[in-house]
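Architecture at a glance
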Amino acid sequence: MIRVLIVEDEPHLSRALSINLKARNYQVSTAMTGAAALDMAPDHPDLMILDLGLPDMEGLDVIRAFRLSSSAPIIVLSARTDRRDKVDALDAGADDYLTKPFGMDELLARMRAAIRRSEPASETRPIIETSHFTIDVAAKQVTTAEGTVRLTPTEWDILELLIRNRGKLVSQKHILQEVWGPTYVNETHYLRVYLAQLRRKLEPDPARPQFLLTEPGMGYRFDAP
C-alpha cells in the first residue's frame, strides 16, 4: 500500500483528499503545518502532497528539509499561479506542481506518474559508465573523479528518461509530459534551464556537450560513446 503524506492547512480540502485517496487504497497521513510534516518525514512516506501556504513556514523550506532525508516524490498543490512560484518549487526539489482549483482525476494521474518515475528502472543497465562520470541507476547516484554529484529529483528524472532511451532522440514534448505532466508540454524553457544545470554538473565542457546533446527544435539525446 502506497503511503501518502498530505500537508494542507485547509481542513475541508485535507479531509476531501484523505477520503478520496483512502477510497483508492492509499495509506494516508495528514499534517496541517510544516513542522508536523517534517516530524512525520522519518516514517518515509512514498509521496508527499504539499500546500505552499502553510501557517508556520514556507512550503519551499519544507521541500528543502524533506529532501535532506528522502527522494520520495513531492506534488505541490497551491493557489499560487505565478510562474516564478512554480519554478522555485521545482528547483527546491518538488516533482510536480498543480494549481488550485484542480481535478481529482488529474491529481491521481500525476501521483501515478510520479510514483512510476520514483521506481527503479529495471529496463536500464544498473551502471552506466562514461569517460567522465558513472551513473548508478538503482541507487540514483552519479559520481565523477571528484565524488558524488548532487542532482535534484527533477534533474534525475530528466537524466533517467534520457538514459532509458540511450542514443535515441527524445522529444521536448515527451520529456515535459513525462517529467512535469501534460499541462507543461509547451514549457520548453523548463528544459533549457534543467539541461543547462545538468551539463554544468556532468559535462567536462558544458558549452560543448559530449553526452547530453541537443537536436535544435526537436529534443535531446543521451550519448555515451
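Let us look at the structure shown here. Everything numeric in this text was worked out from a predicted model, so none of it was measured. (Residues numbered from 1 in each chain as written. Predicted model: local features only at pLDDT ≥ 70, side-chain atom pairs only at ≥ 80, totals over all residues. Heavy atoms only, no water.)

As a further point, take the sheet that holds strand 12 (residues 219–222). Reading across from one edge, 10-12-11 is the order of the 3 strands in this open sheet, with antiparallel pairing throughout. One side of each edge strand has no neighbouring strand; the edge strands of this open sheet are strand 10 (170–171) and strand 11 (212–215). Direction of pairing for strand 11 relative to strand 12: antiparallel, over a ladder of 4 bridges. In the strand pairing of strand 12, Leu212 is matched with Phe222. (Pairing = 2+ DSSP bridges. Helix = DSSP H or I, 4+ residues; strand = E, 2+ residues; numbered from the N terminus.)

Helix 8 (residues 188–202) packs onto helix 4 (residues 83–92) with a crossing angle of 30 degrees between their chain directions and a minimal axis gap of 12 Å. Between helix 4 and helix 8, the angle is such that the two are roughly parallel. Crossing of helix 4 against helix 8: the hand is right-handed. Across from Arg83, Lys86, Val87, Leu90 and Asp91 in helix 4, the residues of helix 8 making contact are His189, Tyr190, Tyr194 and Gln197. Tallied by class, residues from the contact of helix 4 with helix 8 come to 4 nonpolar, 2 polar and 3 charged. (Axes fitted to C-alpha atoms, helices over the stretch in contact; angles between N-to-C directions. Parallel < 35°, antiparallel > 145°, perpendicular 65-115°, else oblique. Left-handed = near helix turned anticlockwise from the far one by under 90°. Contact = heavy atoms within 4.5 Å. Nonpolar A, V, L, I, M, F, W, Y, C, P; charged D, E, K, R; others polar.)

Another aspect to go through is the pairing of strand 3 (residues 47–50). Both faces of strand 3 are covered, namely the face carrying Leu47 and Ile49 and the face carrying Met48 and Leu50. With 4 bridges joining them, strand 1 (residues 3–7) and strand 3 adopt parallel strand pairing. Following the sheet pairing, Ile6 is matched in strand 3 by Ile49. Examined bridge by bridge, strand 3 and strand 4 (residues 74–78) share 3 bridges and lie parallel to one another. Paired with Leu50 across the bridge in strand 4 is Val76. For the handedness criterion, the β-α-β arrangement of strand 3, helix 3 (residues 59–67) and strand 4 is classed as right-handed. (Buried < 20%, exposed > 50% of the residue type's maximum accessible area, 1.4 Å probe, protein only. Right-handed = clockwise from strand over helix to strand, strands pointing away.)

The 4 strands lie next to each other as 6-7-8-9, forming an open sheet whose pairing is antiparallel. The outermost strands of the open sheet, each flanked by one partner alone, are strand 6 (127–129) and strand 9 (147–149). The mean inter-strand angle of the sheet, taken between neighbouring strand axes irrespective of direction, is 25 degrees. Here strand 6 runs beside strand 7 (residues 134–136); their pairing, made up of 3 bridges, is antiparallel. Residue Ile128 lies in a different strand from strand 7, and its bridge partner there is Ile135.

Overall, the coordinates contain 4 aromatic pairs when judged by the stated rule. Residues Trp180 and Tyr190 carry aromatic rings whose centres are separated by 5.2 Å and whose planes lie at 65 degrees to one another, so their mutual orientation is edge-to-face. Of this pair, Trp180 sits in the loop between helix 7 (172–179) and helix 8 while Tyr190 sits in helix 8; the two residues are 10 residues apart in sequence, bridging distant segments of the chain. Accessibility assignment for this pair places Trp180 and Tyr190 in one class, buried. One aromatic cluster is present, formed by Trp180, Tyr184, Tyr190 and Tyr194 through successive ring pairs. (Phe/Tyr/Trp six-rings, centres within 6.5 Å; stacked < 30°, edge-to-face > 60°.)

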